[in-house]
Amino acid sequence: MISQELNDSLTRVGKGTDAGEVLRRYWQPAALSDELQNGRPVVPVRLLGEDLVLFRDTAGQLGLIGRRCPHRGVDLCYGRLEDNGLRCPFHGWHFNRSGQCVEQPGEPEGSRMHEQIQTPAYPVVEKNGIIWAYMGPGDPPAFADFDCFRAPDTHVFAFKGLWECNWLQALEVGIDPAHASFLHRFLQDEDPDDSYGKQFRDKAANTEIPMTRLLREYPRPDIQVEEMEYGLKLTALRYLDDGRTHVRVTNQIFPEAICIPMSREMTITQWHVPIDDENCYWYSMFTSFDKPVNKELMREQRLQEHSLPDYAPLKNARNNYGYDPSEQAKLTYTGMGLDINVHDQWAVESMGGIQDRTQEHLGKTDIGIIRYRRMLRSAIAALKDGRETDLPMKNGCDPRQIQGPISNDSLAENGALEEATLTSDAARRAACPWDARL
Ligand code: FES
Ligand SMILES: [Fe+2]
């Protein structure tokens, strides 16, 4: 349990809030590139409680500026995309990508009033299917050399989905390796050869054991957590009856991402991005270490479960997440279908808009959550003391030197756990068309 005051400090994201200021020191996913692929590349973005409008101007450059026109407050999402900026349809004020008002065509000839009018604007860059925004002070940090950024565009598929809850509880499900044995339990195994684009359906680490069976039969992982320069490395060990150990390494990337193995050839790097205090998006970069990703198939699989333009899941609290008690008896642990995203969504949304952590009881398997909160508290304290350089990936290290992180499943025959992970990672990278550097 934690105090209400601490829960507020760790969860709330508006400008000037504790966690909100930490999050503003890092690049945030603002939209998918897909969202601007229509005839009119202008979309609303609500990020960290701020209402913004994202657009691609006539020169192909991206801009992210305040959504309300500073004249009378109308919605600039309906703006005219012209003259390398956005023009308000109400009285024609024109804003460039930096948020500067450059023209007020109705004001008297020669008026210089526009020079004083500036709307909020944030730097944006596009990387492998996601448009990223930096909403903090000063210059944006460099991007780390993570696999999801290094891989060519052909090998990364990006998608997102809406969860109606606070970002922290969304993140915390990703640093809780124990839940997969229950929440995502399948009472029968599917054919692992039919696993493309799906999580936990492959065979476990070069064995003939389907992941679904391994998770079901070994539900008490031994979880180890190590602090890294990018965040946390979580190692979940499952001791098999035959003496071997299944090793699953996942990572928390500070402040709000995780990197997990999805299958033998793919990892998922997933950000839990606050829309505001009680809503968030997950943004995932599915990164292939093998063939190019089949983006059409992966998009189609996911669009069957989501509605546009909000990427809102079709299964949600309004329809009980598709809950079916007979399915729960026979097929899945939740009774909510085979899509594990729905399971996670139910878990985090059913806690309420912001989980009441004054009433929780953490156990030993919650070690990742405990360590992460400690790290976030230190970052908040550092920022308050003016020690921004103490934050992860700002503490003297050059983010461009941070690689990986290694996220995979492996099988240790002889207790050499670390070695099994490294060998498995090296084999994957050696066979990878864009990453044969080991
Ligand atoms: S409200 Fe935008 S120009 Fe008047
Ligand atoms: Fe999960």
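Residues numbered from 1 in each chain as written. Chains lettered and ligands numbered in written order. Predicted model: local features only at pLDDT ≥ 70, side-chain atom pairs only at ≥ 80, totals over all residues.

**Focus: the overall build of the protein chain**
Argument step 1. Scanning the protein chain for helices and strands turns up 10 helices and 22 strands.
Argument step 2. In terms of C-alpha radius of gyration, the protein chain reaches 23 Å, essentially the compact-globule figure of 22 Å for 438 residues.
Argument step 3. Dimensions of the protein chain, computed from the C-alpha atoms along their principal axes, are close to 85 × 45 × 45 Å.
Argument step 4. Within the span of the protein chain, comprising 438 residues, buried residues form 41% of the whole.
Argument step 5. Partitioning the contacts of the protein chain with sequence separation of at least 6, the portion at a separation of at least 24 is 58%. (Helix = DSSP H or I, 4+ residues; strand = E, 2+ residues; numbered from the N terminus. Rg over C-alpha atoms; globule rule 2.2 N^0.38 Å. Buried ≥ 20, exposed ≤ 12 C-beta atoms within 10 Å, placed from the backbone. Contact = placed C-beta atoms within 7 Å.)

**Things to note about the domain arrangement of the protein chain**
Argument step 1. With domains assigned, the protein chain is organised as domain 1 (27-133) and domain 2 (145-430).
Argument step 2. On a C-alpha basis, the centroid separation for the pair domain 1 and domain 2 is 34 Å.
Argument step 3. Facing the 11 residues of domain 1 at the interface are 16 residues of domain 2.
Argument step 4. For the side of domain 1 that touches domain 2, the secondary-structure elements that each account for two or more residues are β1 (28-32) and β2 (42-47).
Argument step 5. Considering every element that reaches the side of domain 1 that touches domain 2, the biggest residue donor is β1, with 3 residues. (Domains from an automatic or database assignment.)

**Points about the nonpolar core**
In a soluble, globular protein the nonpolar side chains are often hidden away together inside.
Argument step 1. Core analysis: the largest hydrophobic core is formed by 86 residues, its most contacted members being A30, V53, L54, L64, A133 and A170.
Argument step 2. Residue contributions to this core peak at 6 residues, all from strand β18 (residues 279-288).
Argument step 3. Split by domain, the residues of this core number at least three in each of domain 1 (27-133) and domain 2 (145-430).
Argument step 4. Once residues lying within four places of it in the same chain are set aside, the contact partners of A133 are Q28, A30, L47, L64, Y122 and V124. (Core = buried A, V, L, I, M, F, W, Y, C linked by C-beta atoms within 7 Å.)

**Topic: the sheet that holds strand β5 (residues 80-82)**
Argument step 1. Reading across the sheet, the 4 strands line up as β5-β6-β7-β8 and stay open at both edges, with antiparallel pairing between neighbours. The open sheet is flanked by β5 and β8 (101-103), the only strands paired with a single partner.
Argument step 2. Note that strand β7 (residues 94-95) and β8 share 2 bridges and pair antiparallel. Across the sheet, the residue bridging to H94 is E103, located in β8. (Pairing = 2+ DSSP bridges.)

**Digging into the sheet that holds strand β3 (residues 50-56)**
Argument step 1. Pairing in this open sheet of 3 strands is antiparallel, and the strands run β2-β3-β4 from one edge to the other. Every interior strand has two partners, whereas the edge strands, β2 and β4 (62-66), have only one. For this sheet the average axis-to-axis angle between neighbouring strands, irrespective of direction, equals 30 degrees.
Argument step 2. Pairing of β2 with β3, which is carried by 6 bridges, proceeds in the antiparallel orientation. In the sheet register, V43 faces β3, and the bridge partner there is L54. (Axes fitted to C-alpha atoms, helices over the stretch in contact; angles between N-to-C directions.)

**Structural notes on the pairing of β4**
Argument step 1. Across the 5 residues that make up β4, a large majority, 4, are buried.
Argument step 2. Pairing geometry for β3 and β4, over 5 bridges, is antiparallel. Within β4, the position partnered with R56 by the bridge is L62.
Argument step 3. What sits between β3 and β4 in their antiparallel hairpin is a turn of 5 residues, with G60 showing a positive phi close to 90 degrees.

**Details of the packing of helix α4 (residues 167-174) against helix α8 (residues 340-349)**
Argument step 1. Following both chains from N to C, one finds α4 and α8 inclined at 130 degrees, their axes separated by 9 Å at the closest point. One element, α4, and the other, α8, form an angle in the oblique class. As α4 runs across α8, the sense of the crossing is right-handed. Side by side, α4 and α8 meet where Q169, A170 and V173 of the first sit next to D344, A347 and V348 of the second.
Argument step 2. Along the lines of polarity and charge, the residues of the contact of α4 with α8 split into 4 nonpolar, 1 polar and 1 charged. (Parallel < 35°, antiparallel > 145°, perpendicular 65-115°, else oblique. Left-handed = near helix turned anticlockwise from the far one by under 90°. Nonpolar A, V, L, I, M, F, W, Y, C, P; charged D, E, K, R; others polar.)

**Things to note about α8**
Argument step 1. Counted residue by residue, α8 has 9 buried out of 10 residues, so it is predominantly covered.
Argument step 2. Among all positions of α8, only N341, V342, H343, D344, Q345, W346, A347, V348 and E349 are buried.
Argument step 3. In this structure, the buried residues of α8 make contact with β12 (156-163), α4 and β20 (312-313).

**Considerations on the environment of E82**
Argument step 1. With respect to the helices, strands and loops of the structure, E82 is situated in strand β5.
Argument step 2. It is 25 Å that separates the C-alpha atoms of E82 and G129, two residues lying 47 residues apart in sequence.
Argument step 3. In contact with E82, other than residues within four places in its own chain, are T58 and R87.

**Some details on the environment of R68**
Argument step 1. Here R68 is to be found in the loop between β4 and β5.
Argument step 2. For R68, a count of 17 C-beta atoms within 10 Å gives the class partly exposed.
Argument step 3. As a C-alpha pair, R68 and E229 span 161 residues in sequence and 39 Å in three-dimensional space.
Argument step 4. R68 has contacts with D51 and G73, leaving out every residue within four places of it along the chain.

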